[in-house]
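# Breakdown of the fold
Each chain is listed here by its residues.
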Amino acid sequence: MEKTETMYKKAMEIWEVPEEFYEAAAPMYREYEIRLAHEMEKAPAKEETICDLLTSWGEEDAERLLFESYQRNVLEKCEADGKDGVWYKMTDFYGRYPFFAQFEPEAYAKYSQETVDRLNAWDLEVYMKYVSQAALDIAAGKDVPMHQTQYLTLEESDAMLDTLGEEFLVVPCNCKAMGRCTEKPVDVCVGKLQKGPNSFYDRKLGKVVSAAEAKELVHWANKKGLMQSGEHEWLCNCDGVHCYPTKMARILKTRLRYPTSHYEILWDPKVCIQCGKCTRICNHGAFYKDAQGNVVYDEEKCWGCTICASNCPKGAITLKKR
Ligand code: SF4
Ligand code: SF4
Ligand code: SF4
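Not measured: the values here are computed from a predicted model.

Taking strand neighbours across the sheet as the criterion, the five strands line up as β6-β4-β5-β8-β7 in an open arrangement whose pairing is antiparallel. Among the strands making up the open sheet, the edge pair consists of β6 (207-210) and β7 (227-231). Strand after strand, the sheet turns through a mean of 25° between neighbouring axes, direction not considered. Bridge analysis of strand β4 (residues 167-171) against strand β5 (residues 189-192) gives four bridges, and the strand direction is antiparallel. Following the sheet pairing, Val171 is matched in β5 by Cys189.

Moving on to the layout of surface pockets. Taken as a whole, the largest pocket encloses approximately 1000 Å³ of empty space. Forming the boundary of the largest pocket are 34 residues, of which Tyr127, His147, Asn174, Phe200 and Trp234 lie nearest the centre. Of all the secondary structure elements, the ones that give two or more residues to the lining of the largest pocket are α6 (93-103), α8 (113-139), β4, α10 (174-178), β5, β8 (234-238) and α12 (244-252). Its residues assigned to classes, the lining of the largest pocket shows 21 nonpolar, eight polar and five charged. The residue makeup of the lining of the largest pocket includes at least three contributed by each of domain 1 (5-103) and domain 2 (114-252).

This brings us to the domain arrangement of the protein chain. Domain boundaries assigned for the protein chain yield domain 1 (5-103), domain 2 (114-252) and domain 3 (263-321). Of note, the centres of domain 1 and domain 2, computed from C-alpha atoms alone, are 26 Å apart. Contacts between domain 1 and domain 2 engage 20 residues on the former and 24 residues on the latter. Taking both sides of the interface into account, the surface hidden between domain 1 and domain 2 amounts to around 2000 Å²; carbon and sulfur atoms contribute 65%. The three residues of domain 1 that bury the most area against domain 2 are Tyr94, Tyr97 and Gln102, which together make up 35% of that side's buried surface. Where domain 1 packs against domain 2, one counts two salt bridges. At the surface where domain 1 touches domain 2, the tally comes to 12 residue pairs in polar contact (both at pLDDT 80 or more). Contributions of two or more residues to the side of domain 1 that touches domain 2 are made by α5 (62-71), β2 (75-78) and α6.

Another point: the pattern of salt bridges. Here the structure, examined in full by the defined rule, presents 16 salt bridges. Its salt-bridge partner being Glu104, residue Arg72 comes within 3.7 Å of it at the nearest N-O pair. Placement of Arg72 in the loop between α5 and β2 and of Glu104 in the loop between α6 and α7 (105-108) is noted, with a sequence separation of 32 residues between them.

We now examine the site of ligand 3. Around ligand 3 sit 13 residues in total, of which Cys282, Cys302, Cys305, Thr306 and Cys308 are the nearest. In this structure, ligand 3 is accommodated by the second largest cavity. Of the residues in the shell around ligand 3, the class split is 10 nonpolar, three polar and no charged.

So, about the sheet that holds β2. If you walk across this open sheet you meet the three strands as β1-β3-β2, and the pairing is antiparallel. Only two strands of the sheet have a single partner each, and these edge strands are β1 (45-46) and β2. Pairing of β2 with strand β3 (residues 87-90) involves four bridges; the strand directions are antiparallel. Of the residues in β3, the one forming a bridge with Glu76 is Lys89. Here helix α3 (residues 31-40) sits on the sheet and contacts β1, β2 and β3; the angle it forms with β3, its principal contact strand, is near 105°.

Let's shift gears to the nonpolar core. Residues Trp15, Leu36, Phe93, Tyr127, Met146, Val190 and Tyr258 are the most contacted members of the largest nonpolar core, which totals 105 residues. Looking at this core, the element that brings in the most residues is α8, giving 12 residues. When near neighbours in sequence (up to four residues on either side) are disregarded, Tyr258 contacts Tyr127, Ala135, Ile138, Ala139, Met146, His147, Gln148, Thr149, Pro245, Met248, Ala249 and Trp303.

With omega at -10°, the peptide bond leading from Tyr258 into Pro259 counts as cis. In this fold, Pro259 is placed in the loop between α12 and β9 (263-267). Despite not being glycine, Asn198 shows a phi value in the positive range, around 75°. Mapping Asn198 onto the fold places it in the loop between β5 and β6.

A separate point is the packing of aromatic side chains. Tallying each qualifying case throughout the model produces 19 aromatic pairs. Ring geometry for Phe100 and Tyr108: centres 6.0 Å apart, planes at 80°, overall edge-to-face. For Phe100, a relative accessible area of 0% puts it in the buried group. Classification of Tyr108 as buried rests on a relative accessible area of 1%. Their ring planes at 50° and their centres at 5.7 Å tell us that Tyr108 and Tyr111 sit as a pair that is tilted. The residues Tyr108 and Tyr111 share a single accessibility class, namely buried. The cationic tip of Arg250 hangs over the ring face of Trp303; the distance from NZ or CZ to the ring centre is 6.0 Å. One Lys or Arg, Lys301, reaches over the ring of Tyr288 and ends 4.8 Å from the middle of that ring.

What counts and how
- Note that residues are indexed from 1 along each chain, following the sequence as it is written.
- Chains carry letters from A onward and ligands carry numbers from 1 onward, assigned in written order.
- For this predicted model, a pLDDT threshold of at least 70 governs which residues receive local features, and a threshold of 80 or more governs which side-chain atom pairs are given and counted, while totals over whole chains, interfaces and linings are taken from all residues.
- Just so you know, side-chain values use all the structure's heavy atoms and leave hydrogens and water out.
- A pair of strands counts as paired when DSSP detects no fewer than two bridges linking them.
- Secondary structure elements are defined from DSSP: runs of H or I of at least 4 residues count as helices, runs of E of at least 2 residues count as strands, and each element is numbered from the N terminus.
- For helices, the axis comes from a line fit to the C-alpha atoms of the stretch in contact; other axes are also lines fit to C-alpha atoms, and the angle between any two N-to-C directions lies between 0 and 180 degrees.
- In this analysis, the protein atoms alone were mapped onto a 1 Å grid. Cavities are point sets where a 1.4 Å probe fits without being able to get out; pockets are open sets with protein on both sides within 12 Å along at least five of seven lines; lining residues have an atom within 4 Å of a point.
- Grid points are joined across faces, edges and corners, and a volume is the space filled by probe spheres set on the points.
- Basically, the charged four are Asp, Glu, Lys and Arg, the nonpolar ten are Ala, Val, Leu, Ile, Met, Phe, Trp, Tyr, Cys and Pro, and anything else, Gly included, counts as polar.
- Residue ranges for the domains originate in an automatic or database domain assignment.
- The contact criterion used throughout is that any non-hydrogen atoms of two residues lie within 4.5 Å.
- The term buried area means the drop in 1.4 Å probe accessible area that two parts suffer when joined, counted for both and summed.
- Within this document, salt bridges are pairs made up of a side-chain nitrogen of Lys or Arg and a carboxyl oxygen of Asp or Glu, the two lying within 4 Å of each other.
- Each polar contact in these results corresponds to two N or O atoms within 3.5 Å; when the atoms are within protein, one needs to be able to donate a hydrogen and the other to accept it, and residues that are neighboring in sequence are counted only if both atoms are side-chain atoms.
- Working definition: residue near molecule or strand if any one of its non-hydrogen atoms lies within 4 Å of it.
- Put plainly, a molecule is in a cavity or pocket when over half of its atoms are within 2 Å of the grid points there.
- Put simply, buried Ala, Val, Leu, Ile, Met, Phe, Trp, Tyr and Cys residues joined by side-chain atoms within 4.5 Å make one nonpolar core.
- Partly exposed describes any residue whose relative accessible area lies between the buried limit of under 20% and the exposed limit of over 50%, with all areas from a 1.4 Å probe on protein chains only and scaled to the type maximum.
- Note on aromatic contacts: the rings of Phe and Tyr and the six-membered ring of Trp form a pair at centre separations within 6.5 Å, being stacked when their planes are under 30 degrees apart, edge-to-face when over 60 apart, and tilted otherwise.
- Whether a charge lies above a ring is judged from NZ of Lys or CZ of Arg, which has to be within 6 Å of the ring centre and within 35 degrees of the ring normal.

Rendered as structure tokens:
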């Protein structure tokens, strides 16, 4: 299959890849997808039409290739003015990149750190363009649709999972995957099992778990220093370095208001045995050791995520409702 520079450039334009990432984007797409982009541009195309095209180009297993492009989020299912059948359209690079990082980690590991940093700086900028106003609205006390709006205690996380049914889907966290996180668990995004078009399940991605397994995972993540947050359908187990909502909240200076914290931390130095666990578990450096090696708590740095309280072996940290 011929791939000229012009074809490649046009596909990149259709996928809205920023010019500085043309080279970085190349391993994220396949030859036949470049050709498909030319044929489809941004318009919906019917399943059979795409398969016929692939077959006419000499591809042997058109159905499998189509499914893989859908699974890799190069294509997504869409409506076509109420017409029958299954229709697809091209996604953009902002949609494709996280899937690549999440589900093709071996290929992503080959990228230089400099490229990964640039990709993530761009991705955070686009993310913030879409959602920062909603985050600011939440911080101002408005009720608007948004994700990761609030930190949850373990009890609240369990209660939320109880409202979401019996089956859940666990997928790799895209923030940590894009940041190539190694210091914390990555397979920790827990969502209500959705089976509709464009869901992870429909793309045969992720792992279906029971409610009991989902709770076990969340409790384990809490012990590993991940902060529970969420609402509606996803329970996230976030870190303080790679998590996009956290990075955005730092930039927007919405500590305690977005993600909303419902609890104050009460630390009792008389009960504390100075084991230092809270200093290792806090993602925001609010518990730390001073120059003399004593554990110190700085309320001004606390985001009210509550994971220090659930992990203190002596109960020296308790919660007070705000
Ligand atoms: S919001 Fe948190 S758990 Fe969800 S994808 Fe980002 S870091 Fe992962
Ligand atoms: S985890 Fe608890 S006991 Fe250990 S240093 Fe922190 S507050 Fe003290
Ligand atoms: S000190 Fe604050 S930010 Fe740190 S773990 Fe505890 S609640 Fe979370």
